[in-house]
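The chain contents come next:
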Amino acid sequence: MEIKLDENHIYHVGNVRKPSVSKVLDLYFPPTGFYSEEGRELGIASHSWFDFLARGCEPTEEPDERIADEVAAFRKFLAEVKPLFIFGEKILYDDVLGVCGKPDLYCEIQGRPSVIDYKPRNSNVRWIAQTAAYQCLIAANGFPVLDRYALRLLPGNYRLDQHKDKNDLSRWRAFVAGFKARDFYEQNLRS
């Protein structure tokens, strides 16, 4: 089963379009009104750096000065927490829920399989549902997840916020069901 992600951030499994974790969450937690193309580009750049560093690679150049503080914070996280990299930025499909996504980092922390989502300094309740979504997505692909975290990257420092409520998994499944119900009516019952 081939899973593709196109330049518009739309997933296809085979030739069938599938919703992303982000698309489902957008229904319940609308994206911020402060979105900008520059912010998107910087987010892509910082995630590329984090993935590169999490894999144990050492760059030969310095990051863009606009993300240098976040990269320094990520390096500090790696040095102090010492996560064991399993995979990151891997496109996955949950064939039960019919949702695709790309978790930032799947690793072991102190021997415990964990999912980590990289975040900016502010806090957002959406992230709790997002890490639950990624736990379901990773588990649907045969990998256990015991712990979920949002890694908040501050200037030169970080916060690793653990999401412990097991009921978040059933809430995520309910979000997907609600999204699909809404999508059904939008696609099939328009006058």
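The present account deals with the structure reproduced in this document. (Residues numbered from 1 in each chain as written. Predicted model: local features only at pLDDT ≥ 70, side-chain atom pairs only at ≥ 80, totals over all residues. Heavy atoms only, no water.)

**Thoughts on the sheet that holds strand β1 (residues 3-5)**
Moving on, step 1. The three strands are arranged β1-β2-β3 in an open sheet whose pairing can be described as antiparallel. Because the sheet does not close on itself, it has two edges, and the strands there are β1 and β3 (16-18). The average undirected angle you get between the axes of adjacent strands in this sheet is 30°.
Moving on, step 2. Inspection of the sheet shows strand β2 (residues 11-13) paired to β3 by three bridges, in the antiparallel sense. Looking across to β3, one finds that H12 is bridged to R17. (Pairing = 2+ DSSP bridges. Helix = DSSP H or I, 4+ residues; strand = E, 2+ residues; numbered from the N terminus. Axes fitted to C-alpha atoms, helices over the stretch in contact; angles between N-to-C directions.)

**Re helix α5 (residues 167-188)**
Moving on, step 1. Taking 1.5 Å as the rise per residue, α5 with 22 residues should run 32 Å; its terminal C-alpha atoms sit 32 Å apart, in good agreement.
Moving on, step 2. Regarding α5, the residues found buried are D168, L169, W172, F175, V176 and F179. The buried residues of α5 occupy an angular sector of 110° when projected down its axis, which confines them to one face.
Moving on, step 3. The inward-facing, buried residues of α5 abut α1 (21-28), β6 (99-101), α4 (126-140) and β9 (147-154). (Expected span 1.5 Å × (residues − 1). Buried < 20%, exposed > 50% of the residue type's maximum accessible area, 1.4 Å probe, protein only. Arc of directions from axis to C-beta. Contact = heavy atoms within 4.5 Å.)

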